[in-house]
Amino acid sequence: MKKFHEFEYKRPEYESVKASINTFIQEFKTATSVTRQIECVNGINAVRRDFESMSSICSIRYDMNTADAFYEAENDYFDEYEPLIQELVNQYYAVLVDSPFRNELEAAFGHHIFNLATNEMKCFSPEIIEDLQQENALVTMHTKLISSAAILFDGEERNLAQLRAYFQSKDRSVRKAAYEAYASFFSDHEAEFDNIYDRLVKLRTKMAKTLGFDSFVEMGYIRLNRTDYNAQMVAGYRKQVLEEVVPLALKLLEKQCKRLGLEALTYYDEPLRFKTGNPQPKGTPEEIVKNGMKMYSELSRETKEFFTFMEENGLFDLLSRKGKMGGGYCTFIPIEKSPFIFANFNGTSDDIDVLTHEAGHAFQVYCSRNYAIPEYVWPTLEACEIHSMSMEFFTYPWMELFFQEDVLKHRFAHLSEALLFLPYGVSVDEFQHEVYENPEASPDERKKIWRNIERKYMPMRNYADNDFYEKGTMWMRQSHIFETPFYYIDYTLAQVCAFQFYNRMEQNREKAWEDYKNLCNAGGSKPFLDLLKIAGIKNPFESGSVKESVLEIFKQVEAIDDSDF
Ligand code: ZN
């Protein structure tokens, strides 16, 4: 097995990709047997796997060093050609769903690929290729802007991720200064952020209209491959969060304010949960990774095999450094059947989340690595986050390895932050609905929309003397809003589902783990609500389900004595 740095990168030339796929499509059309059609599908998928693998390797290597001119240029190449590959895939989908051997193909590949193919065809047409290329270019412009941040703070130039570590400082003036430095990056570039977003909103709306949609909302849902729920169901779900979670969040924040001994909790106090400081992981990054190995070795036979594979093949890049792209993610390199975890360790409990959350994603994709249909390797994004967020809970028994005497403090913080996240998460979602339903709104009007939504879901939010945030700009830090519209609600849906796993593992850990593994093994072979059935998880859109999931968690938080924290 090769290690990541030995993976070979070779640009997949569009003309040859196109020739191969077209040959298979022609053969598929004239095939007189299902066996031949299956061979053609496999042939097309092999070409796609190669393209996607090169795109992944390129993007990881670029993210590892955004100053690398070679991978920067290659990245631009993918921005330009991915929509053209999508066009070829759509041509394949069109013949696939039209096959006279449809029943036999469904027997071989499952029904869901036909759902996905039909969906994909609705949100693509050659007429929008140029727009898609422009969208890619704007998204790249946004990521470049974010990673260009080099803010002088505490004696050194820091990127946004590094600066965020100071948000949890025990020293109130440091927290405030860090937030102000952070805000200054956004206010210095406010016009650029506004401009990129405005162009993205208008461009996406234009594409939606070209394809015959009323607005981008429906297209956005289809692009995320949501085949079994819609914007109306999501609105009902946000209402559940407003009614059931917001009051709990208020109680948690009031308690936090008291714990911190403050008269009023301002925005820059929110990240500091405890007067004695947030629980910090102990040990060097190397020790943390070593403990991760111990944790996954003990958790189950499958996680041991998985983590050993990651470790032995260099499939991590965890440390933060200048010039490296911010954030953290897990991705997959199909031809190597390898997940990859990218992170920016900053000495906070976020580092442990990488080992639990991102490793949860990686574990799922590792479980699904052998699907012949590339569409089945990952499920839709809300299901993906169930794997990661539930892994954060399944690893609770090992948190002492990382937090030692602060283990209970960690549990308190982790559970309450998960609850506090829900109102923020649905705010990001409601904002995007309003934005795309009113694409002609001006940047200033968008800021007002954001601030009003914050007041609704986060009534405690107090921007004190920060006029920049007060006018409604906090959303600008949320990259998903720019890069993947309507994605963000997925984290909240998954959080509610992961709460159910937590509640169930408290009762019967073995059964909960079996169901979790079944969910991971199912990959993306089924739509969201069907995956929930496999996992024995209740549908969060059903009225009452949010309440049921969060109440038990809130009780658990309340049961922990925080008077010493
Ligand atoms: Zn995730």
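Sequence order as written defines the numbering, with residues in each chain counted from 1. Whole-chain, interface and lining totals are the exception, using all residues; otherwise, since this is a predicted model, local features are given only for residues with pLDDT of at least 70 and side-chain atom pairs are given and counted only at 80 or more. Only hydrogens and water are removed before side-chain values are computed, so all heavy atoms of the structure are retained for them.

Caption draft 1: Seen up close, the overall build of the chain. Helix numbers and strand numbers start at the N terminus; a helix is a DSSP run of H or I with at least 4 residues, a strand a run of E with at least 2. Helix and strand counts for the chain stand at 24 helices and 5 strands. What the globule rule says is 2.2 Å times the number of residues to the power 0.38, and the radius of gyration is computed from C-alpha atoms. In terms of overall dimensions, the chain is globule-like: its C-alpha atoms have a radius of gyration of 23 Å, near the 24 Å expected for 565 residues. Viewed in the frame of its principal axes, the chain has a C-alpha envelope of about 75 × 55 × 50 Å. In the chain, buried positions account for 59% of the 565 residues. By definition, residues are in contact when any of their heavy atoms lie within 4.5 Å. In the chain, once contacts between residues fewer than 6 apart in sequence are set aside, the share between residues at least 24 apart is 75%. All accessible areas in this document rest on Shrake-Rupley with a 1.4 Å probe, and a residue is counted as covered only by the protein chains that are shown. When the accessible surface of the chain is summed, it comes to about 22500 Å², and 49% of that surface belongs to carbon and sulfur atoms. For the purpose of charge, His is not counted, nor are the chain termini; Lys and Arg are scored as positive and Asp and Glu as negative. Taken as the charge location is NZ of Lys, CZ of Arg, CG of Asp or CD of Glu. Of the side-chain charges in the chain, 64 are positive and 90 negative, and the distance between the mean point of each set is 3 Å. Throughout, exposure labels follow a simple rule: accessible area from a 1.4 Å probe, protein chains only, divided by the maximum for the residue type, with under 20% read as buried, over 50% as exposed, and the rest as partly exposed.

Caption draft 2: A look at the domain arrangement of the chain. Domain start and stop points were drawn from an automatic or database domain assignment. Domain boundaries in the chain define domain 1 (4-137), domain 2 (150-184) and domain 3 (224-279 + 404-565). Taking only C-alpha atoms, the centre of domain 2 and the centre of domain 3 are 24 Å apart. Counting from both sides, the interface comprises 12 residues of domain 2 and, opposite them, 18 residues of domain 3. A quick way to say it: buried area is the sum, across both parts, of accessible area lost when two parts are put together, with a 1.4 Å probe. Where domain 2 abuts domain 3, roughly 1300 Å² becomes buried across the two surfaces, and 55% of that area is made up of carbon and sulfur atoms. Here, a salt bridge means any side-chain nitrogen of Lys or Arg that lies within 4 Å of a carboxyl oxygen of Asp or Glu. Our count for the contact surface shared by domain 2 and domain 3 stands at 3 salt bridges. Salt-bridge contacts for Asp269 lead to Arg172; the nearest nitrogen and oxygen are separated by 2.7 Å. Per-element tally for the side of domain 2 that touches domain 3: the top contributor is helix H8 (residues 172-188), with 7 residues. For this classification, the nonpolar set comprises Ala, Val, Leu, Ile, Met, Phe, Trp, Tyr, Cys and Pro, the charged set comprises Asp, Glu, Lys and Arg, and every other residue, Gly included, is treated as polar. Tallied by class, the residues present in the side of domain 2 that touches domain 3 amount to 4 nonpolar, 2 polar and 6 charged.

Caption draft 3: Representation of the layout of surface pockets. Put simply, the second largest pocket is a space of about 210 Å³. If you trace the second largest pocket, you find 14 residues lining it, with Glu218, Tyr221, Ile222, Tyr229 and Asn230 closest to the centre. Broken down by secondary-structure element, the contributors of at least two residues to the lining of the second largest pocket are helix H5 (112-122) and helix H10 (216-223). Looking at the lining of the second largest pocket element by element, the count peaks at 4 residues for H10. Both cavities and pockets are sets of points on a 1 Å grid over the protein atoms alone; in a cavity a 1.4 Å probe fits but cannot get out, in a pocket the set is open with protein on both sides within 12 Å along at least five of seven lines, and lining residues sit with an atom within 4 Å of a point. Grid points are joined across faces, edges and corners, and a volume is the space filled by probe spheres set on the points.

Caption draft 4: Quick look at the state of the cysteines. Whenever a pair of cysteine sulfur atoms sits within 2.5 Å, that pair is classed as a disulfide. Scanning all chains against the criterion turns up 0 disulfides. The thiol of Cys58 is not disulfide-bonded; the next cysteine sulfur, from Cys330, is found 18 Å away. The structure places no disulfide on Cys520, whose sulfur is separated from the nearest cysteine sulfur, that of Cys367, by 5.0 Å. Of the residues examined, Cys520 reaches a relative accessible area of 0% and is grouped as buried.

Caption draft 5: The arrangement of the side chain of Thr473 in detail. Tracing the backbone through its elements, the reader meets Thr473 in the loop between helix H19 (467-470) and helix H20 (479-483). In protein, a polar contact means a hydrogen-donor-capable atom and an acceptor-capable atom, both N or O and within 3.5 Å, with residues adjacent in sequence counting only if both atoms are side-chain atoms; elsewhere, any N or O pair within 3.5 Å suffices. At 2.7 Å, the side chain of Thr473 forms a polar contact with the backbone oxygen of Phe468. If near-sequence neighbours (up to four positions away) are discounted, Thr473 is found in contact with Glu190, Lys447, Trp450 and Phe468.

Caption draft 6: Focus on the coordination of the zinc ion. Coordination of the zinc ion by the protein comes from His357 (NE2), His361 (NE2), Glu385 (OE) and Glu385 (OE), over a distance range of 2.1 to 2.5 Å. Donor selection uses N, O and S atoms within 2.8 Å of the metal (3.2 Å for Na, K and Ca). Since no water is included, sites may look incomplete. For the zinc ion, the single-chain donor residues occur in sequence as H-x3-H-x23-E. Of the two residues, His357 is situated in helix H14 (residues 350-367) and Glu385 in helix H15 (residues 381-394); the sequence distance between them amounts to 28 residues. Pair check on accessibility: His357 and Glu385 agree, each one buried.

Caption draft 7: The nonpolar core, seen in detail. Throughout, nonpolar core names a set of buried Ala, Val, Leu, Ile, Met, Phe, Trp, Tyr and Cys residues whose side chains join them through atoms within 4.5 Å. If you look at the biggest cluster of nonpolar residues, it comprises 195 residues, and the most contacted ones within it are Tyr237 and Phe501. Here the element with the most residues in this core is helix H17 (residues 407-437); it accounts for 14 residues.

Caption draft 8: Representation of the environment of Ser390 in the model. The topology assignment puts Ser390 in helix H15. Ignoring sequence-local partners within four residues, the contact set of Ser390 consists of Glu385, Ala498, Phe501, Met505 and Tyr516. At 2.7 Å, the side chain of Ser390 and the backbone oxygen of Ile386 are in polar contact.

Caption draft 9: Geometry of the packing of aromatic side chains. In this analysis, rings of Phe, Tyr and Trp, with Trp reduced to its six-membered ring, are considered paired at centre separations within 6.5 Å, and the interplanar angle assigns stacked below 30 degrees, edge-to-face beyond 60, and tilted for intermediate values. Under the definition given, this model contains 67 aromatic pairs. Over the face of the ring belonging to Tyr77 we find Arg11, whose NZ or CZ atom lies 4.0 Å from the ring centre. Geometrically, a charge over a ring is one whose NZ (Lys) or CZ (Arg) sits within 6 Å of the ring centre while staying within 35 degrees of the ring normal. Residue placement shows Arg61 over the ring face of Phe4; its charged tip is 5.0 Å from the ring centre.

Caption draft 10: Quick peek at helix H23 (residues 528-535). Buried within H23 are the following residues: Phe528, Leu529, Leu531, Leu532 and Ala535. Buried residues of H23, seen end-on, are gathered within an arc of 155 degrees and therefore sit on one face of the element. Positioned one or two residues after H23, Gly536 has a phi angle of 65 degrees, which is positive. Directions from the helix axis toward the C-beta atoms define the arc.

Caption draft 11: Layout of the environment of Asn136. As for its position among the elements, Asn136 is in helix H6 (residues 129-147). Asn136 sits in the partly exposed class, given a relative accessible area of 23%. The spatial distance from the C-alpha of Asn136 to the C-alpha of Asp98 is 30 Å, given a sequence separation of 38 residues. Setting aside residues up to four positions removed in sequence, Asn136 forms contacts with Asp79 and Pro83.

Caption draft 12: Seen up close, H14. Helix span is expected to be 1.5 Å times the residue number reduced by one. With 18 residues, H14 should reach 26 Å at 1.5 Å per residue; the first-to-last C-alpha distance of 24 Å fits that figure. Its maximal kink placed at Ala359, H14 deviates by approximately 30 degrees. Of all 18 residues in H14, 15 are buried; the element is thus mostly enclosed. Note on bend: the value at a residue is the angle between axes fitted to the seven residues ending there and to the seven starting there.

Caption draft 13: Looking closely at the sheet that holds strand S3 (residues 316-319). If you trace the 3 strands from one edge of the open sheet to the other, you get S3-S5-S4, paired in mixed fashion. Both edges of this open sheet fall to S3 and strand S4 (329-333), since each of them pairs with a single strand only. For this sheet, the mean inter-axis angle between neighbouring strands, taken without regard to orientation, is 15 degrees. As paired strands, S3 and strand S5 (residues 338-345) are joined by 3 bridges and run parallel to one another. Paired with Phe316 across the bridge in S5 is Ile341. Strands were regarded as paired on the criterion that DSSP finds at least two bridges between them. Axes, fitted as lines to C-alpha atoms, cover a helix only where it is in contact. Angles between the N-to-C directions of the axes lie from 0 to 180 degrees.

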